[in-house]
Amino acid sequence: MAGRPLIGISTYLETGAHWGNWELEAALLPAGYPRLVQRAGGLAAMLPPDAPGHAAATVARLDGLVIAGGPDVEPVRYGAQRDPRTGPPALARDAWELALIEAALTAGVPLLGICRGMQLLNVALGGTLVQHIDGHAEVPGVFGRHAVKPVPGTLYASAVPEETSVPTFHHQAVDVLGAGLAVSAWAGDGTPEAVELPSADWVLGVQWHPEMGEDLRVMRALVEAATAATAPSPTAPTAS
């Protein structure tokens, strides 16, 4: 790899964050995300929430984009009434990350959605979500594990061809697929665990949390796609 590609990762604002003697609002991201990017060969850039109108300029400076996990997507975004089990809204984060996704799709920047990020990708393309499922977030605050099976011939299967056990924590899932998306991995209970956009060069969403495990292959595939997308074109031979 000639140079490490710059991979942006969305972050979120949290009030009352503590460090030392300080308690302030902070832009936060679990350390597993940038560490995974770095271990996979990329340079990690944390993207704090900003005005949606700045998303295109932000993405233009990146070689790849990761939309991180987090709170439930506001149901109005996919035309649904709020289920009592749906978590509190994160309206500013929804708006910012949806704008980042739209900008990445428009610019052809390789994109990986993780957990909430996969759900937002689906919503951005007109899909809907199941607001509660059982069995994928058994103990609050503790990641579980379950098997996911790739769909042969997909982008995901090209990176991870075998069934694997993955770290997971989510209580919502993809329902109706967004325009152009295809399922590329399934859980044993029939929950879509990965989706991708075959018409794009590299767009993938995974419902689990690779940053909480040791398998680098999904992130490495993103880093490799980001590197290839920014490689200079071969110089055409000149006529003699």
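Conventions used here
Residues numbered from 1 in each chain as written. Predicted model: local features only at pLDDT ≥ 70, side-chain atom pairs only at ≥ 80, totals over all residues. Heavy atoms only, no water. Helix = DSSP H or I, 4+ residues; strand = E, 2+ residues; numbered from the N terminus. Rg over C-alpha atoms; globule rule 2.2 N^0.38 Å. Buried < 20%, exposed > 50% of the residue type's maximum accessible area, 1.4 Å probe, protein only. Contact = heavy atoms within 4.5 Å. Lys, Arg positive; Asp, Glu negative; His and termini not counted. Charge placed at Lys NZ, Arg CZ, Asp CG, Glu CD. Polar contact = N/O pair within 3.5 Å; in protein donor to acceptor, adjacent residues only side chain to side chain.

**Let's talk about the overall build of the chain**
Thought 1: Per the secondary structure count, the chain includes six helices and 13 strands.
Thought 2: Here the C-alpha atoms of the chain give a radius of gyration of 18 Å, agreeing with the 18 Å that 2.2 N^0.38 yields for 240 residues.
Thought 3: Every one of the 240 residues in the chain was classed for burial, and the buried ones make up 49%.
Thought 4: Of the contacts formed within the chain by residues at least 6 apart in sequence, a portion of 67% connects residues at least 24 apart.
Thought 5: Computing the positive centroid from 13 side-chain charges and the negative centroid from 24, the chain places the two 5 Å apart.

**Points about the environment of Gln207**
Thought 1: Inspection of the secondary structure assignment puts Gln207 in the loop between β13 (203–206) and α6 (217–230).
Thought 2: Among the residues examined, Gln207 registers a relative accessible area of 0% and is labelled buried.
Thought 3: With 169 residues separating them in the primary sequence, Gln207 and Gln38 have C-alpha atoms 21 Å apart.
Thought 4: Look past the residues within four positions of Gln207 in its chain and what remains in contact with it is Cys115, Met118, Gln119, His170, Gln172, Ala173, Pro192 and Glu193.
Thought 5: At 3.3 Å, the side chain of Gln207 and the side chain of Gln119 are in polar contact.

Worth remembering: the numbers are spatial, not functional.
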